[in-house]
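Tertiary structure, described
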Amino acid sequence: MQKFFSNKKLIILMILIIVTFGLLAVTVNIRDKKNTPPVVQQVGNDVVSVVGGVFAYPTNAVKNATSEFSDLYNTYSENKRLKARIGELAQNQAKLEVVQDENKKLKQELKLNGTLTDYSTVNASVLSRSPSSWQNYLTINRGQTSGIKKNMPVMSGKGLIGRIIEVDKVSSKVELISTNNELNDKFAAEILGDAKNTTGVVSRYDSSTGDLVMENVNSTKDIKKGQSVITSGLGGLTPRGLYIGKVYGIKKDNYGMTNSVYITPAAELRNFTVVTVIKSSVHGEN
């Protein structure tokens, strides 16, 4: 007991704590008494604030230091990630330049002015779309004066929607890929696979499911749901690489003889107001 009280620092600390709580209690009791001198309340508030600040300062300092360290670490991590990304982009850019240079040289050697993937585009607005043939045809505000020619493919958003079938001076008629016209021109297509691509023809539209149907498929062995489908460029009317949609599933015909691949179209075929006409660069195609 004597050793305990001989510790002056501990005694002083206990006195400060007692005085602090005492002043706090006095402040609470006299807060609502109008006859209490304001000076007493002010002194009590000031002492409580000072003592509270002394105890709160180390806690706040640690908290702020932790927060600053966390922000600094996050900034460092993000900076490291961005630097790695910049390195990847630079490498990809270098690869692209090499491929473009090789492509240019090969075309010069083969005396080609264009390849199946070369094309330019013309944007157009939909002028009219008859309710009676909503899924079959529409008219756009671009024609011969804009360089539009028959059989040019047409896209909307990110997917193929049809082909030009009639061209006037300032307008053109588009036959949609969702048409029920059995005599319409088909689209040669291919399904992109890991090992090899599968070719076929997008020949019709299933209005009950909203899917495009790809027939004349050479093999369905390696076809999986979710694979991308693009135009193959075969046939000479459509450049290669135009996005059509993704594989939804495989079904046999009514006789169970051949398989058809059902494709979820990339474009919204029921509603669009702006389209893009694809002008192929290969001689003899447009």
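Calculation rules
Residues numbered from 1 in each chain as written. Predicted model: local features only at pLDDT ≥ 70, side-chain atom pairs only at ≥ 80, totals over all residues. Heavy atoms only, no water. Helix = DSSP H or I, 4+ residues; strand = E, 2+ residues; numbered from the N terminus. Buried < 20%, exposed > 50% of the residue type's maximum accessible area, 1.4 Å probe, protein only. Contact = heavy atoms within 4.5 Å. Areas by Shrake-Rupley, 256 points an atom, 1.4 Å probe, with all protein chains shown as cover. Pairing = 2+ DSSP bridges. Axes fitted to C-alpha atoms, helices over the stretch in contact; angles between N-to-C directions. Polar contact = N/O pair within 3.5 Å; in protein donor to acceptor, adjacent residues only side chain to side chain. Salt bridge = Lys/Arg side-chain N within 4 Å of Asp/Glu carboxyl O. pLDDT = per-residue confidence, 0-100. Lys, Arg positive; Asp, Glu negative; His and termini not counted.

With that out of the way, let us pick up the overall build of the protein chain. On a plain count of helices and strands, the protein chain comes out with three helices and twelve strands. Per-residue burial over the protein chain gives 29% buried out of 286 residues. Taking contacts inside the protein chain between residues at least 6 apart in sequence as the whole, the part at least 24 apart equals 55%. Only carbon and sulfur atoms are counted for the fraction: they give 56% of the accessible area of the protein chain, which is about 19,000 Å².

Our focus in this paragraph is the sheet that holds strand β5 (residues 172-176). Strand order in the closed barrel formed by six strands is β1-β2-β5-β4-β3-β12, with antiparallel pairing between adjacent strands. Averaged over neighbouring strand pairs, the angle between their axes works out to 45° when direction is ignored. Pairing geometry for strand β3 (residues 153-156) and strand β4 (residues 159-167), over four bridges, is antiparallel. Within β4, the residue paired with Val 154 across the bridge is Gly 162.

So, on to the sheet that holds strand β7 (residues 198-206). Sheet strands pair by backbone hydrogen bonding; their relative direction is either parallel or antiparallel. Spatially, β6-β7-β8-β11-β10-β9 is the arrangement adopted by the six strands of the closed barrel, whose pairing is antiparallel. When the angles between neighbouring strand axes are averaged without regard to direction, this sheet yields 45°.

Attention shifts here to the environment of Ser 232. Here Ser 232 is to be found in the loop between β9 (228-231) and β10 (243-252). Separated by 41 residues in sequence, Ser 232 and Ile 191 place their C-alpha atoms 8.8 Å apart. Reaching out from Ser 232, the side chain makes a polar contact with the backbone nitrogen of Leu 234 at a distance of 3.3 Å.

Okay, the side chain of Thr 198 next. Examined against the element boundaries, Thr 198 turns out to sit in strand β7. Under the relative-accessibility criterion, Thr 198 is labelled buried at 8%.

Using the criterion set out here, one finds three salt bridges in the structure. Note that Glu 190 is salt-bridged to Arg 240, the shortest N-O span being 2.6 Å. One end of the pair, Glu 190, is in strand β6 (residues 187-191); the other, Arg 240, is in the loop between β9 and β10, and 50 residues separate them in sequence. Overall, Glu 190 belongs to the buried group, its relative accessible area being 6%.

Attention now moves to the confidence of the model for the protein chain. Overall, the predicted model of the protein chain reaches an average pLDDT of 78, with 72% of residues at or above 70. When mean pLDDT is taken per element in the protein chain, β5 scores highest with 95 and helix α1 (residues 2-6) scores lowest with 50.

A few words on unusual backbone geometry. Positive phi, close to 80°, is recorded for Asn 151, a residue that is not glycine. Within the fold, Asn 151 resides in the loop between β2 (137-140) and β3. Positive phi, close to 55°, is recorded for Asn 216, a residue that is not glycine. For Asn 216, the position within the fold is in the loop between β8 (211-215) and β9.

To continue, consider the side chain of Arg 129. Position of Arg 129 relative to the elements: it lies in the loop between β1 (119-128) and β2. Despite being buried, Arg 129 has no salt bridge partner; Glu 268 is the closest side chain of opposite charge, sitting 7.5 Å away. There is a polar contact of 2.8 Å between the side chain of Arg 129 and the backbone oxygen of Leu 269. Within polar-contact distance, the side chain of Arg 129 engages the backbone oxygen of Arg 270 at 3.4 Å. Apart from residues lying up to four places away in sequence, Arg 129 is in contact with Trp 134, Gln 135, Tyr 137, Leu 138, Leu 176, Leu 269, Arg 270, Asn 271 and Phe 272.

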